[in-house]
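Here are the chains, one letter per residue:
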Amino acid sequence: MRVGLFSMGEHPDRLPRDAYNEDLEEIVLADQLRWAEAWIGEHHMNGRQEVLPSPEMLIAKAAVKTRNIRLGPGVRLIALHYPLDVAAEAATADHLTDGRYLFGFGTGGGQEYGFYNIDFAEGAARVEESIDIILKAWTSEAPFSYEGRFWRMKDVYIWPRPLQSPHMPVARACGNPASFYSTGRRGFSVLASQFTSGEHIAAGWAEYERGARDAGLTPNRHDLGVSRFCWVDESDRMARDRVRNWQNKSLDYIRSVPVAVLLDAFKPTPEAARTDVTFDHMCDIGQYIIGSADTVIRGIRRLYAETGGFGTFLLVAGRDPAPLRDRLAMFERFEREVAPSLRDL
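Residues numbered from 1 in each chain as written. Predicted model: local features only at pLDDT ≥ 70, side-chain atom pairs only at ≥ 80, totals over all residues. Heavy atoms only, no water.

Student: Explain unusual backbone geometry to me, and be specific about the residues and the numbers.
Tutor: Along the chain, Gly74 connects to Val75 via a cis peptide bond; the corresponding omega equals 10 degrees. Counting through the fold element by element, Val75 comes out in the loop between strand E3 (70-73) and strand E4 (76-77). Going from Trp159 to Pro160, the amide bond is cis rather than trans, its omega being 5 degrees. Looking at where Pro160 falls in the secondary structure, it is placed in the loop between strand E7 (152-156) and strand E8 (170-173). (Helix = DSSP H or I, 4+ residues; strand = E, 2+ residues; numbered from the N terminus.)

Student: Just give me the short version of the layout of surface pockets, but keep the residues and values in it.
Tutor: Estimates place the volume of the second largest pocket at around 330 Å³. If you trace the second largest pocket, you find 20 residues lining it, with Arg2, Glu37, Leu102, Pro169 and Ser189 closest to the centre. Elements with a minimum of two residues in the lining of the second largest pocket: strand E2 (37-40), E8, strand E9 (189-192) and strand E10 (224-228). Here the lining of the second largest pocket is composed, by residue class, of 10 nonpolar, six polar and four charged. (1 Å grid on protein atoms, 1.4 Å probe; cavity = no way out; pocket = protein on both sides within 12 Å on 5 of 7 lines; lining within 4 Å. Points joined across faces, edges and corners; volume = space filled by probe spheres on them. Nonpolar A, V, L, I, M, F, W, Y, C, P; charged D, E, K, R; others polar.)

Student: Break down the packing of aromatic side chains for me, with residues and values.
Tutor: Summed over the entire model, instances satisfying the criterion amount to 13 aromatic pairs. Ring centres 6.2 Å apart and planes at 20 degrees place the aromatic pair Phe103 and Phe105 in the stacked group. Both residues of the pair, Phe103 and Phe105, belong to the buried class. Taking 5.1 Å as the distance between ring centres and 85 degrees as the angle between the ring planes, the aromatic pair formed by Phe103 and Trp138 counts as edge-to-face. Residue Phe103 is found in strand E5 (residues 103-106), and its partner Trp138 is found in helix H5 (residues 123-139); the two are separated by 35 residues along the sequence. (Phe/Tyr/Trp six-rings, centres within 6.5 Å; stacked < 30°, edge-to-face > 60°. Buried < 20%, exposed > 50% of the residue type's maximum accessible area, 1.4 Å probe, protein only.)

Student: Outline the nonpolar core, listing residues and values.
Tutor: Phe103, Trp138 and Phe334 are the most contacted members of the largest nonpolar core, which has 105 residues in total. Per element, the largest residue contribution to this core is seven residues, and it comes from H5. Apart from the residues within four sequence positions on either side, Phe334 is in contact with Val3, Trp35, Cys230, Val232, Val296, Ile300, Phe313, Leu315, Ala339 and Leu342. (Core = buried A, V, L, I, M, F, W, Y, C linked by side-chain atoms within 4.5 Å. Contact = heavy atoms within 4.5 Å.)

Student: How would you sum up empty space enclosed by the protein? Please name residues and give values.
Tutor: Scanning the model with the defined rule gives one cavity of 30 Å³ or more in all. At the level of secondary structure, the elements contributing two or more residues to the lining of the largest cavity comprise strand E11 (230-232), strand E13 (312-319) and helix H11 (324-338). By residue class, the composition of the lining of the largest cavity is eight nonpolar, no polar and three charged.

Student: Before we move on, can you summarise the environment of Val64 with the specific residues and values?
Tutor: Structurally, Val64 can be placed in helix H2 (residues 55-65). Taking relative accessible area as the criterion, Val64 reaches 70% and is therefore assigned exposed. Along the backbone, Val64 and Glu337 are 273 residues apart, and their C-alpha atoms lie at a distance of 29 Å.

Student: Lay out the environment of Lys136 in plain terms, naming residues and giving numbers.
Tutor: For Lys136, the position within the fold is in helix H5. Distance from Lys136 to Ala125, taken between C-alpha atoms, is 17 Å for residues 11 residues apart in sequence.

Student: Explain the pairing of E9 to me, using residue names and the numbers behind them.
Tutor: Note: E8 against E9, three bridges, orientation parallel. By the bridge assignment, Arg172 is partnered in E9 with Val190. One crossover worth recording links E8 to the parallel E9 by way of helix H6 (residues 177-186), and it is right-handed. By the bridge criterion, three bridges tie E9 to E10 in an arrangement that is parallel. The residue of E10 that forms the bridge with Ala192 is Val226. Chirality of the crossover, the property in question, places the unit of E9, helix H7 (residues 198-214) and E10 among those that are right-handed. (Pairing = 2+ DSSP bridges. Right-handed = clockwise from strand over helix to strand, strands pointing away.)

Below is the structure:
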């Protein structure tokens, strides 16, 4: 099992320059720790909570500061953008990272669709059409045309095409059975959210396998990445106390935007309010993996068993649950005290 970062860019009311520099320091340390990959979020219309609308720009700077870690957007909201622009930006990033670029895409949250005056109900269909065009742009040596529901193009192409052949590895953020199935049919990797339960991931992976087999492909759990908010400290109490206040404020923000529906799966009872989904409740049920090294090891192993296994554990990063020095020290503690006990997975 590999380790990586899922960098959210969640820095409420911070000067973006400072937030970007701290996210870069996290990615640089992850590279020094020989972690496998870092995914960088794209967000719009989130007030001043999440600060990065253009992940490829941070990826290009991170590539200069790192040597081995693979870098990708987590995720490009391809339903909202002109597909050839996305394809060209990704291909350029592949060259600028010297072939370390990964392409992540997904549907995103409803609040971001208003920024582009696009109906969120069309999101999934737009994603499918857009990825068809993007793949064609990356692999077509001659100009091509496309006639679809949302996009019409005639005699178009991009340059440069990707450095990696036939294109960079592709992953999709999957949250419902249809997205898992489509991703399996296409042979892409899966990115599973911190707000997706192990049980839901296991059910989604069954759809992924069905899609892969329908396309004549062999599914491999190496292609599943699972993200979690994780903090390891000297004791369970110290870990919770260090990040509780900030994380409860983050949950308050989640409740204010359309993705609040994701919290419903974690209510103590069906009748409970979303405000009952607190930081300590998420720790108690194991959705947040917070505690001493032994507690975190048990939590990740339990998640691995619940999902049926996965290839990459992604620590949610790019946030301010503690000062930067403490976040960096936590990464080092994770590598020193947790990672060695997971190498058999």
